[in-house]
Each structure stands twice: as C-alpha cells, then as structure tokens.
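# Residue-level structure breakdown
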Amino acid sequence: MDLLTQDEYKSIAAGLDLPTGAFIDGGFRPAISGETFETVNPATGEKLADIAACGAADVDFAVEKAREAFDDGRWSKLHPSERKHVLIRLAKLMTRNARELAVMESIDSGKTIFDCETVDLPETIHCLKWHAEAVDKIYDQVSPASDDHIAMVVREPIGVVGLVLPWNFPLLMLAWKIGPALAAGCSVIVKPAAETTLTALRLAELAMEAGIPRGVLNIVPGGGAEVGEPIGRHMDIDMVSFTGSTVTGKRFLTYSAESNAKEVVLEMGGKNPAIVMDDAENLDRVAAHVVNGAFWNMGENCSAASRLIVHKDVKAELLDRIAHHARQWNIGDPLDPETRMGALVSEGHYSKVCGYLDQAENVVIGGKADKGFVEATVVEVSGNDATLAREEIFGPVLSVIEVSGFDEAIKIANDTDYGLCASIFTANAKRAIRGARAIRAGTVTVNSFGEGDITTPFGGYKQSGFGGRDNSVHAHDQYTQLKTIWIDLADDADEAVS
Ligand SMILES: NC(=O)C1=CN([C@@H]2O[C@H](COP(=O)(O)OP(=O)(O)OC[C@H]3O[C@@H](n4cnc5c(N)ncnc54)[C@H](O)[C@@H]3O)[C@@H](O)[C@H]2O)C=CC1
Ligand code: BAL
C-alpha cells in the first residue's frame, strides 16, 4: 500500500466528519439523557468530538430494537449466502473508505497511521470477508441413527448478543466479534471502549449502506459502568463476548449469574513469555521477533511478548541485538508514516505505564516517557516474582528473566495467572514440540512471534480466556447454539405412544 505524507494525513484528519451519536435501529441519535462525553486525540490532547454518553435506558432501547430484528427474521432468517453478500458489500465499502477510517482510528487512539493503514484496516476487512465467505459453507449434521428415526443437529444463531470492546484495536476487535456474529445471523449491541468510539460509529453507517437491516447492528457508546454493566446484566441479551482486562472480564460472569445466565465469552489479559534457548538460530532474527512482539502497537496488546525468558549463554548477545532493533522503534507523530511508536491511548493509561517504569531498576534500553509517549523499554528483573514480570503493563516494557535450562524456562513461562500466547526460539525440534505442549497457553509459536491468523482460533487458558475462541470457524460456536431435532419415522409411532 502506498502511504501518504504526514501533511496529507493531517489534511485528511482536519477534514473528517466525525460521527457522534449512538447508532440504534439504523440511525444516529443522542443519548436519551442528552449527555455527552469528550473524545480526545491522545497524541495532542486536542478534543475531537462530544459523543453521546449512553446509559441503561439506551441499552434497553437498543436491545428492544435488536430483539425485534432478530425475531422477525429480517437478518437471522436470511439464507446464509444472502448475509454473506451483504457483509462482503460492507467489506468493499470499508476498502473504499479505508484511508478515512485509518486516519480516524489513528487520531482517536494514538496508534500509528503506519499500523492503521498496513495492519488494522486490511485485517479488519479481511476478517469480515472471511467470516462472510465461511458462513454458507458450514453444514449441519445428522446423527448416527437406526432406520426408524432421524436426528438432525442444527446450528441456530444464539439471538441478541452484547459485544464489549477494548481500545487497543478498536476496528479489528469489532470485526473479530461482528464478523462471525452477523454472519451467523445474530443481532448485536456493540459497546466500544469510551476512548475509541469513532470508527465503530462510522462502520455502522457503512453497514447500513451495505444493506444490513436496521436494528441488527447497534452501537451504544459510553462508559463501562453506564453501558457495559447494563449489557452484562440485561435479561434479554442471550450472550456477551468481551475483550479487555481480566478484572473487568470476570465481572461479566457475575453479571450473568445475577441476571439470565447468558453465555459469556471472555478474551482477557496476558503476560506472554518469549523463551530463547541457547541453541536458537540467528539471534538477530530472534531479536527482531521479540522486539516486534514486545513493542508493536506500543505494547498495548494482550498478546504482547512482555516476558523474555532467555538462556544465560545467549543473554548478552541477544540483549545487544534487541537494543539494536528497539532503537528502530521511533516515537513520533502518529500521523507521520515513518513513526513506529505512537501515543498511549489516554492520560490515565500513560500514568499507569509510567508507574511501572518507575519500578525499573536495571534498564537495558529506553525507560523514558514524555507527554503520552513511552520509549521502547527493556528491563532486567530480579526474577519472575518481580511486579514487572507478573502484571500486565500493556505498554512498551519488556522484562528479561535469565534461566539456565529448558525445564526451568518452561516452569517460569507457566508461572503466571495468564495463558494467552507464548513463543519458543530453539533449533531443537523435540524441545520445540515438548515446550509447545507443556506451555499452558492458547497459542504457542515456534521460532517466531505471533497470534496466528484469521484461520486459527485465538483465546486463552487460565485467566486469559473463558468460554470460547475468536477467529477461525470456531468463532461461530460463540454465536450459535446447537439444536437437536428428533423425528420418529416408525410406521407404528403413533400407536406406540397411545
Ligand atoms: N486484553 C486486552 O485486550 C486488553 C487489556 N486491557 C488491560 O486493562 C487495563 C485497563 O484498561 P481498561 O480500558 O480499563 O480495560 P477494561 O477491561 O476495563 O475495558 C474493556 C471494556 O470493558 C468496559 N468496562 C469497563 N468497566 C466495566 C464494567 N464495570 N462493567 C462492564 N464493562 C466495563 C470498558 O468500557 C471497555 O469497553 C489496561 O491497562 C490493560 O492492562 C485493556 C484493554 C484491552
Ligand atoms: N491482539 C489482539 C487481541 C487484543 O489485544 O485484545
């Protein structure tokens, strides 16, 4: 993709028409209370817009409209290929508007325009297309049966779903959830993170243009307590899919238990280990992977490689190379296409990350922070018990732990409440496979860092995940339920009952 210049991006940003209303039943509307909240550009501190600050009454209204849409079948009962065509039209409209969406995403979140243009937008569009393409290729089942009955196992959309989103990949996480949910035929109530609402609202507008019927896709902006909790506790929402912190994720289990026992899927935090053994090949390449894993998206990533567990014999050389690569991750204006590290999402989050930097004693590289921006930072810690090795920082801070052997490395990798992702760098195939099996995490990569792609399930073990997976056809399991339809074919069936 050809990127524009910083001035050209700034001129697009200045001309953006920012959506500000809640999007319910096919149109924008103010919050019922009339209240608004400010959204700011975290890179400059400038106010971007006043957005409808919704509350429980808006959630009720959105659910009523979503339920009407679900029950009358305007979307849920379409042939899957019809839903597919509409979603592909949406993906095409997003492609046509990708540049505007990328700029909107960057100014609202502090993410770099480079990432928004080359990762967030292409992956969002690909995700929507992929689930649309998948949905008319998924078959129901017929159970093994005798001659006198037939039992069908059919998949039905689960109903009205609540999608509660984080701010680190606003559009991409929206696509991870609405891609399979809408493809399956559900009606959805989306709560974007209050920090990053704009692109979800713009996407909803494009969805109407693409032909998604009114009431099917609703976006209700606002705070966690004001909108997230009413979604979690709503008696007429059938399922909630959440991405965010473990603390907040667990609340949805309480909300569900105290309301209608709705299904809950949680994609939560991580403290993901990158293990580098003494036999790892090409330490320069390993360093590039580790640095990318740790600092991509300013480390605001649940799958960030935030713990480096390195064999003592290669530690010095690896840290040298890591420092070399980390220097390339320059801080700058997120709208400058040369910038690799933008602003952290908010003042509050910046202060939290700075609090962790204050605890760093043995800094290898980085460690400085200024007005919302934090340098790529590598810090040696005393061991896996150090706070910097245990808590999810969600910023560009890589904690280094030295080990003397493979078993010790695996033990430390597993010594965490989390279990989202992990990577192992080794040339020894047995170690790679033994390690991948032994680490309790949803995704383990060998000789690379990553989270798989749209074809592979994404989610966590332990306190990183609950109830299901995003991505791949397994994501459709979240938004569907199985029904058994048992048909008696015996000639004397009626007599047998009487
Ligand atoms: N695993 C991940 O992808 C993410 C992890 N985080 C972690 O969480 C920390 C705090 O960031 P937050 O934005 O506060 O994350 P959060 O987990 O509180 O927010 C995620 C979503 O939940 C909503 N929410 C917040 N409180 C709620 C409540 N009581 N009931 C219902 N919904 C609620 C938020 O408005 C947002 O839409 C970060 O510093 C980071 O460590 C944050 C975002 C994403
Ligand atoms: N890395 C995608 C999921 C997340 O950070 O929340």
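Residues numbered from 1 in each chain as written. Chains lettered and ligands numbered in written order. Predicted model: local features only at pLDDT ≥ 70, side-chain atom pairs only at ≥ 80, totals over all residues. Heavy atoms only, no water.

Rule in force here: UniProt positions are given in the numbering used here, feature names are shortened, and annotations may be inferred rather than shown by experiment.
The protein goes by Aldehyde dehydrogenase in an unreviewed UniProt entry, where it is assigned to Ruegeria haliotis. Per its UniProt entry, the protein bears the Sequence similarities (unreviewed entry) comment "Belongs to the aldehyde dehydrogenase family."

## Thoughts on the site of ligand 2
Note the cut-off: Any residue with a heavy atom lying within 4 Å of a molecule or strand is counted as near it. Two N or O atoms count as a polar contact when they lie within 3.5 Å, although within protein this holds only if one can serve as hydrogen donor and the other as acceptor, and sequence-adjacent residues are included solely when both atoms are side-chain atoms. Think of it as three bins: nonpolar holds Ala, Val, Leu, Ile, Met, Phe, Trp, Tyr, Cys and Pro, charged holds Asp, Glu, Lys and Arg, and polar takes everything else, Gly as well.
Within the structure, ligand 2 sits among Asn-168, Phe-169, Met-173, Trp-176, Thr-243, Glu-267, Asn-301, Cys-302, Ser-303 and Glu-451. For ligand 2, a nitrogen atom lies 2.6 Å from a polar atom in the side chain of Asn-301. Within the backbone of Cys-302, an N or O atom sits 3.0 Å from an oxygen atom of ligand 2. Per-class residue counts for the shell around ligand 2 are four nonpolar, four polar and two charged.

## Some words on the site of ligand 1
Short version of the rule: To be clear on the numbers: accessible area is Shrake-Rupley with a 1.4 Å probe, and residue cover counts the displayed protein chains and nothing else. In this text, helices come from DSSP runs of H or I with a minimum length of four residues, and strands from runs of E with a minimum of two, each type numbered from the N-terminal end. Start and end points for every domain follow an automatic or database-based domain assignment.
Near ligand 1 you find 25 residues, and of these Leu-165, Trp-167, Ser-245, Thr-248 and Lys-352 are the closest. Contact distances for ligand 1 include 2.9 Å between an oxygen atom and a side-chain N or O atom of Lys-191. Within the contact set of ligand 1, an oxygen atom lies 3.3 Å away from a side-chain nitrogen or oxygen of Glu-392. In the complex, the protein chains occlude 85% of the 790 Å² of accessible area that ligand 1 would expose alone. Those elements that provide at least two residues to the shell around ligand 1 are helix H8 (224–233), strand E10 (239–243), helix H9 (246–257) and helix H12 (347–357). Sort the elements by how many residues they give to the shell around ligand 1 and H9 lands first, with four residues. Class assignment for the residues of the shell around ligand 1 results in eleven nonpolar, nine polar and five charged. When residues of the shell around ligand 1 are assigned to domains, at least three map to each of domain 1 (6–268 + 469–483) and domain 2 (272–446).

## Focus: the sheet that holds strand E19 (residues 421–425)
Note the threshold: Strands were regarded as paired on the criterion that DSSP finds at least two bridges between them. A fitted line through C-alpha atoms represents every axis, and for helices the fit uses only the stretch in contact; the resulting angles, taken between N-to-C directions, go from 0 to 180 degrees.
Pairing in this open sheet of seven strands is mixed, and the strands run E14-E17-E18-E13-E12-E19-E20 from one edge to the other. Either end of the sheet is taken by a strand with one partner, and the two such strands are strand E14 (362–365) and strand E20 (443–446). On average, each strand axis in the sheet is tilted by 25 degrees relative to the strand beside it, whichever way the strands run. Bridge count between strand E12 (residues 272–276) and E19: three bridges; the pairing is parallel.

## Points about a negative patch on the surface
To keep things clear, this is the line we draw: Residues enter a patch when their relative accessible area is above 30% and they make no salt bridge; the linking distance is 9 Å between like charges and 5 Å between nonpolar side chains (Val, Leu, Ile, Met, Phe, Trp, Tyr). Whenever Lys or Arg places a side-chain nitrogen within 4 Å of a carboxyl oxygen from Asp or Glu, that contact is recorded as a salt bridge. Positive charges come from Lys and Arg, negative ones from Asp and Glu, while His and the chain ends are left out of the count. A single reference atom marks each charge: NZ on Lys, CZ on Arg, CG on Asp, CD on Glu. Exposure categories follow from relative accessible area, calculated using a 1.4 Å probe and restricted to protein chains: below 20% of the type maximum is buried, above 50% is exposed, and the middle band is partly exposed.
Together, Asp-147, Asp-148, Asp-488, Asp-491 and Asp-492 give the surface a local cluster of negative charge. In this structure, Asp-147 sits in the loop between strand E5 (141–142) and strand E6 (149–157). We classify Asp-147 as exposed; its relative accessible area is 78%.

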